[in-house]
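# Analysis of the macromolecular model
Residue-level listing of the chains:
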Amino acid sequence: MTSKIAFVLGAGPNIGHDVSKMFAGHGYKVAIVNRSGVGASEYFKVKADLKDPLAVASAFKQVRDALGEPNVVIYNAFARHFVPDDDAFSLATSTFQADLAINVSSLYAALQETVEGWRDLATSPKVFIFTGNGLNVAGAVPQLLTYGVGKTAAAHLIEAAVRSYGSQGYNFYYADERNPDGSPVKQDRDAYAHAETYFQLAEEPEQGPWDYTFVKSKGFSKF
Ligand SMILES: NC(=O)c1ccc[n+]([C@@H]2O[C@H](COP(=O)([O-])OP(=O)(O)OC[C@H]3O[C@@H](n4cnc5c(N)ncnc54)[C@H](OP(=O)(O)O)[C@@H]3O)[C@@H](O)[C@H]2O)c1
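Residues numbered from 1 in each chain as written. Predicted model: local features only at pLDDT ≥ 70, side-chain atom pairs only at ≥ 80, totals over all residues. Heavy atoms only, no water.

Here is the UniProt Sequence similarities (unreviewed entry) comment for the chain, exactly as written: "Belongs to the short-chain dehydrogenases/reductases (SDR) family." (UniProt positions renumbered as here; feature names shortened; annotations may be inferred.)

This part is about the overall build of the chain. In terms of helices and strands, the chain carries five helices and eight strands. Along the chain, helices and strands appear, N-terminal first, in the series β-α-β-β-α-β-α-β-α-β-α-β-β. For 223 residues, the compact-globule estimate of 2.2 N^0.38 gives 17 Å, and the chain sits close to it at 17 Å. Partitioning the contacts of the chain with sequence separation of at least 6, the portion at a separation of at least 24 is 68%. For the chain, the exposed surface amounts to about 10900 Å²; the carbon and sulfur share of it is 53%. (Helix = DSSP H or I, 4+ residues; strand = E, 2+ residues; numbered from the N terminus. Rg over C-alpha atoms; globule rule 2.2 N^0.38 Å. Contact = heavy atoms within 4.5 Å. Areas by Shrake-Rupley, 256 points an atom, 1.4 Å probe, with all protein chains shown as cover.)

Helix length check: helix H5 (residues 191-203) (13 residues) gives 19 Å between terminal C-alpha atoms against 18 Å at 1.5 Å per residue, within 8%. Every buried residue of H5 is listed here: Ala191, Ala193, His194, Ala195, Thr197, Tyr198, Phe199, Leu201 and Ala202. The inward-facing, buried residues of H5 abut helix H1 (15-25), strand E4 (72-75), strand E5 (127-131), strand E6 (171-178) and strand E7 (211-215). The residue sitting at the N-terminus of H5 and contributing the capping side-chain oxygen is Asp190; that oxygen lies 3.0 Å from the backbone nitrogen of Tyr192. (Expected span 1.5 Å × (residues − 1). Buried < 20%, exposed > 50% of the residue type's maximum accessible area, 1.4 Å probe, protein only. Polar contact = N/O pair within 3.5 Å; in protein donor to acceptor, adjacent residues only side chain to side chain.)

Right, let's talk about the pairing of E5 for a bit. Remember that side chains alternate between the two faces of the sheet whenever the strand is regular. Within E5, five of the five residues are buried, which leaves it mostly tucked inside the rest of the structure. Side chains of E5 alternate between two faces, with Val127, Ile129 and Thr131 and Phe128 and Phe130 buried alike. Taken together, the four bridges between E4 and E5 define a ladder with parallel strand orientation. Of the residues in E5, the one forming a bridge with Val72 is Val127. As a crossover connection, the stretch from E4 through helix H3 (residues 93-118) into E5 is right-handed. (Pairing = 2+ DSSP bridges. Right-handed = clockwise from strand over helix to strand, strands pointing away.)

This paragraph deals with the side chain of Asn133. The topology assignment puts Asn133 in the loop between E5 and helix H4 (145-165). Within the structure, Asn133 has its side chain in polar contact with the backbone nitrogen of Leu135 (distance 2.9 Å). The residues contacting Asn133, other than those within four sequence positions of it, are Tyr147, Lys151, Tyr174, Ala175 and Asp176.

With respect to the helices and strands, Ala175 occurs in strand E6. With relative accessibility at 0%, the residue Ala175 sits in the buried group. Sequence separation between Ala175 and Gly37 is 138 residues; the distance between their C-alpha atoms is 25 Å. Beyond its immediate stretch of four places on either side in the chain, Ala175 contacts Ile129, Phe130, Thr131, Gly132, Asn133, Tyr198, Tyr212 and Phe214.

This paragraph deals with the sheet that holds E6. The strand order across the open sheet formed by eight strands is E3-E2-E1-E4-E5-E6-E7-E8, and the pairing between neighbours is mixed. Because the sheet does not close on itself, it has two edges, and the strands there are strand E3 (44-47) and strand E8 (219-220). Pairing analysis gives four bridges linking strand E2 (residues 29-34) to E3, with the strands arranged parallel. Across the sheet, Val33 pairs through a bridge with Val46, a residue of E3. Each of E4, E5 and E6 touches H3; the most contacted strand, E5, lies at about 170 degrees to it. H5 rests against E4, E5, E6 and E7 of the sheet, and its axis sits at about 155 degrees to E5. (Axes fitted to C-alpha atoms, helices over the stretch in contact; angles between N-to-C directions.)

Written out as structure tokens, the structure is:
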């Protein structure tokens, strides 16, 4: 039996590491993208900077040529610049543009490549997971402008994906780990909880709530 394929765009030492390890541990072939080119020897590694949305098509081509069409695609990369709360627009326009390229445009390119590739893919699952946080529903946080604009736009893209392609058996999630009281986990994110959750979502044939707020050791929790 041919292995299923998981493709993690933005794989570093935390969430990307645990998610990749989880899928590999369940027999998936794993491909990863990051700027350093660093990753476990058994993974197919693509060294690319998602600051360039055009790099996404090339990354997918490399993965297709080496492993085949990904069943599970995880977009975990992000860009963030802090600005003073009382000067939200102090970031250079070029920096705003670069952050949004990583947070939004390359996500769009990855979604486009994914659904195009799934048209001719005979095997299941077909699941796309974006690593989000609570900024899509928090309202504007001036200090985190490009991060918040990015997560809000990402949630919009994921919801659009469900509405547009959900009937074809493709599943899409904006995954958002929360504390049990619903507050954001911020730097206390649990990489293993993400890995467990993402694997469960990949195993689930039916689309669940696309805005997938989850709590460690508990699973989906609506806030
Ligand atoms: N639910 C929450 O409250 C919460 C809290 C914290 C974080 N998060 C989310 O978790 C995700 C990141 O998690 P993490 O830091 O633990 O994951 P990680 O896998 O440890 O790190 C993400 C990796 O993405 C790669 N990356 C970043 N920018 C890139 C680019 N321009 N091109 C290619 N690769 C790039 C980096 O590797 P290289 O340096 O090698 O490129 C980085 O190590 C983000 O989406 C973040 O918003 C959510």
